[in-house]
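Analysis of the macromolecular model
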Amino acid sequence: MSGVNNVTLSYQEYKSYIKNNQNSRLVNRRYSMETADNAKSEQNILGSTLYTDAKTNDRYTLTAAYADSFSSDAPMIKITAQKPDGTKQEYTVNIDEVDASSASDLEMFALCSYADAHEKRTEGTTSKWALLKGYVQDNSMDEGAMQKRDWLSMVDNTKESYMEAKLYKQVTDGNQLTHFLDKYGMPKEVEMRDIGEGILVPVENSTYVSDLDGGYAQIQFDSSGEIRYVNHLNEEAGWSMDVSQEQLKKARGLDSTFAMYLSDKDFWSRYLNSEISIDDLRSETDYQHIRQDFFDHLPASVRQAWDQAATASGTDGLGIDENGQFLYPSEFLRQHMLAKLNGNRLAFDEADAGSVLEFARQALFTLKDARSPEYNPALQAFKNQEVLFYENLIKNLE
């Protein structure tokens with residue numbers, strides 16, 4: 001729904017507005033389908049991949065390049081499909097006409113290659129086409145290269161499967177692919193914000209939104225210099241903070257590895273002020289070692305109390321399974337990682353009954369705090385078990 005000062009333009013009206021107002025105050029935004037003036041001359045080949053047509057079983061090497069007629073007004077991409085015997089077929093794709101909800105493999109390869117060039121993908125990183133094809137492979141049909149498919153639905157279906165399997169890293173990857181498809185796939189309508197004097201700014205471009213927890217929560221990066229955490233299941237958990245443009249850019253560069261910290265305002269503050277090292281944190285994500293090291297240091301009596309609480313509640317509260325795989329952002333794991341970020345020891349590193357009891361009480365208080373984030377049903381079920389776990393652990397240790 002449009003905001004009070006927003007207007008909704010058709011796709012063609014949006015294109016016309018951008019073209020006719022290039023010198024207006026569009027807060028330094030660039031239409032998402034434009035590219036730098038010298039990009040074509042710098043890099044004509046945008047991408048290449050090996051491809052097998054599922055319908056004919058023919059194998060090709062696909063390459064994407066700027067067509068000779070390419071311009072920001074008519075972003076034409078030439079796709080060349082070459083067979084092993086050297087025979088070639090060429091196709092031209094107008095990026096402006098690619099609709100991610102109904103596009104062929106060739107159209108999506110062109111769109112992904114264009115987006116990689118537009119966003120200046122660095123050498124050695126995975127291409128958007130490889131990421132997209134790999135993500136939807138279990139939810140895609142064996143159809144030919146020219147068959148139209150709904151890529152948005154395929155990503156959503158895959159994301160739902162990962163959500164049910166509690167694979168939250170993959171859910172975050174799906175959110176990023178959805179954002180890519182929403183940004184570059186042909187929009188039917190574009191919402192614009194009226195900022196005065198007849199100047200319209202694309203709403204999507206003024207606030208970049210990063211979904212968390214399958215969309216139940218969001219981090220919003222406002223180009224005016226503000227970061228907001230929004231929890232749609234518990235408004236009291238939300239917060240905002242003012243940041244510089246340099247910090248805003250740094251914030252948007254944080255990858256999904258750290259999704260479990262993104263609701264924590266203190267984490268953002270310390271990260272943006274360079275008080276913590278992301279490289280050090282990344283080196284601390286050996287979850288199997290974390291689990292084993294924790295249990296190795298528990299005295300027998302405390303381990304017995306811990307195991308009894310785990311049996312009664314259905315979870316051991318660590319958020320890590322017996323094989324060392326991350327399950328969910330438990331209070332134990334969150335506090336462990338934040339302690340590492342701050343260069344401190346965890347509250348119960350001494351592992352005696354008194355320190356574990358103190359930690360359990362603090363963890364239970366945090367989990368029951370009305371200002372704590374709430375999560376999607378599957379993840380919230382884990383958190384509810386965690387509450388029961390700490391209630392039992394406290395009773396066992398007292």
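Residues numbered from 1 in each chain as written. Predicted model: local features only at pLDDT ≥ 70, side-chain atom pairs only at ≥ 80, totals over all residues. Heavy atoms only, no water.

Taken as a whole and assessed by the stated rule, the structure comprises 16 aromatic pairs. Ring centres of Phe 70 and Tyr 114 lie 6.4 Å apart, and the angle between their planes is 45°; this geometry places the pair in the tilted category. With Phe 70 in the loop between β3 (59–66) and β4 (76–82) and Tyr 114 in helix α3 (residues 105–118), the pair connects residues that are 44 residues apart, well separated along the chain. The interplanar angle of 75° and the centroid separation of 5.0 Å between the aromatic rings of Phe 389 and Tyr 390 together place this pair among those described as edge-to-face. Residue Phe 389 is classed as buried on the basis of its relative accessible area of 0%. (Phe/Tyr/Trp six-rings, centres within 6.5 Å; stacked < 30°, edge-to-face > 60°. Helix = DSSP H or I, 4+ residues; strand = E, 2+ residues; numbered from the N terminus. Buried < 20%, exposed > 50% of the residue type's maximum accessible area, 1.4 Å probe, protein only.)

Looking only at helix α11 (residues 287–296), the buried set comprises Tyr 287, Ile 290, Arg 291, Phe 294 and Phe 295. Down the axis of α11, the sector holding all buried residues measures 115°, keeping them to one side. (Arc of directions from axis to C-beta.)

Next up on the list: the sheet that holds strand β2 (residues 45–52). With antiparallel pairing, the four strands of this open sheet are ordered in space as β2-β3-β4-β5. With one partner strand each, in any of the chains shown, β2 and β5 (88–94) form the two edges of the open sheet. Strand-to-strand, the axes of this sheet are offset by a mean angle of 20°, without reference to chain direction. In this structure, β2 lies alongside β3, joined through seven bridges in antiparallel fashion. (Pairing = 2+ DSSP bridges. Axes fitted to C-alpha atoms, helices over the stretch in contact; angles between N-to-C directions.)

Bringing the pattern of salt bridges into the picture now. Scanning the entire structure with this criterion turns up 15 salt bridges. For Asp 105, the salt bridge is made with Arg 149, and the minimal N-O distance between the two is 2.3 Å. Here the residue Asp 105 occupies a position in helix α3, and Arg 149 occupies one in the loop between α4 (128–136) and α5 (151–164), the gap between them amounting to 44 residues. There is no split in this pair, since Asp 105 and Arg 149 are both buried. Linked by salt bridges that have partners in common, Asp 105, Lys 133 and Arg 149 make up one network. (Salt bridge = Lys/Arg side-chain N within 4 Å of Asp/Glu carboxyl O.)

Turning to helix α8 (residues 245–252), its buried residues number three or more, namely Gln 247, Leu 248 and Ala 251. For α8, the angular spread of the buried residues around the axis is 105°, confining them to a single face. In α8, those exposed residues whose orientation departs by more than 90 degrees from the buried face are Glu 246 and Lys 249.

Soluble globular proteins tend to pack their nonpolar side chains together in the buried interior. Counting 51 residues, the largest nonpolar core has Ile 227, Phe 267, Trp 268, Tyr 390 and Leu 393 as its most contacted members. Residue contributions to this core peak at seven residues, all from helix α14 (residues 353–368). In this structure, Tyr 51, Ala 81, Val 98 and Leu 106 belong to the second largest nonpolar core, which totals 35 residues. (Core = buried A, V, L, I, M, F, W, Y, C linked by side-chain atoms within 4.5 Å.)

Next up on the list: the environment of Met 154. Along the polypeptide, Met 154 turns up in helix α5. Considering only alpha carbons, one finds Met 154 and Val 136, 18 residues apart in sequence, at a separation of 5.9 Å.

Moving on, we come to the side chain of Glu 107. Note on placement: Glu 107 falls in helix α3. For Glu 107, a relative accessible area of 15% corresponds to the buried category. Within the local environment of Glu 107, its side chain forms a polar contact with the backbone nitrogen of Ser 104, the two atoms lying 2.9 Å apart. Polar contacts involving the side chain of Glu 107 include one to the side chain of Lys 148, which spans 2.9 Å. Excluding anything up to four places from it in sequence, Glu 107 contacts Val 93, Val 98, Ser 102 and Lys 148. (Polar contact = N/O pair within 3.5 Å; in protein donor to acceptor, adjacent residues only side chain to side chain. Contact = heavy atoms within 4.5 Å.)

Interpretation of the predicted coordinates at a detailed level should be avoided for regions scoring low in pLDDT. On average, residues of the protein chain carry a pLDDT of 77, and 74% of them reach 70 or more. The secondary structure element of the protein chain with the lowest average pLDDT is helix α2 (residues 39–42), at 43, and the one with the highest is strand β11 (residues 239–242), at 92. Residue range residues 23–43 is modelled with pLDDT below 50. Its contacts to residues more than four positions away, or to other chains, number 42 contacts. (pLDDT = per-residue confidence, 0-100.)

The topology assignment puts Leu 233 in the loop between β10 (226–231) and β11. Along the chain, Leu 233 and Asn 376 lie 143 residues apart, while their C-alpha atoms are 8.4 Å from each other.

It is worth spelling out the packing of helix α12 (residues 300–313) against helix α15 (residues 377–397) at this point. One way to put it is that α12 packs onto α15 with a least axis distance of 8 Å and a crossing angle of 140°. With respect to α15, the axis of α12 lies oblique. Our pair here, α12 against α15, has a crossing hand that is right-handed. Counted together, Ala 305, Trp 306, Gln 308, Ala 309, Ala 310, Ala 312 and Ser 313 of α12 and Gln 385, Leu 388, Phe 389, Asn 392, Leu 393, Asn 396 and Leu 397 of α15 form the full contact between these two elements. Here the contact of α12 with α15 is built from residues that sort into nine nonpolar, five polar and no charged. (Parallel < 35°, antiparallel > 145°, perpendicular 65-115°, else oblique. Left-handed = near helix turned anticlockwise from the far one by under 90°. Nonpolar A, V, L, I, M, F, W, Y, C, P; charged D, E, K, R; others polar.)

Each regular strand displays side chains that alternate between the two surfaces of the sheet. Between β2 and β3, which pair antiparallel in sequence order, lie six residues; one of them, Asn 57, sits at a positive phi of approximately 65°. Inspection of the sheet shows β3 paired to β4 by six bridges, in the antiparallel sense. Directly across from Thr 63, in β4, lies its bridge partner Thr 80.

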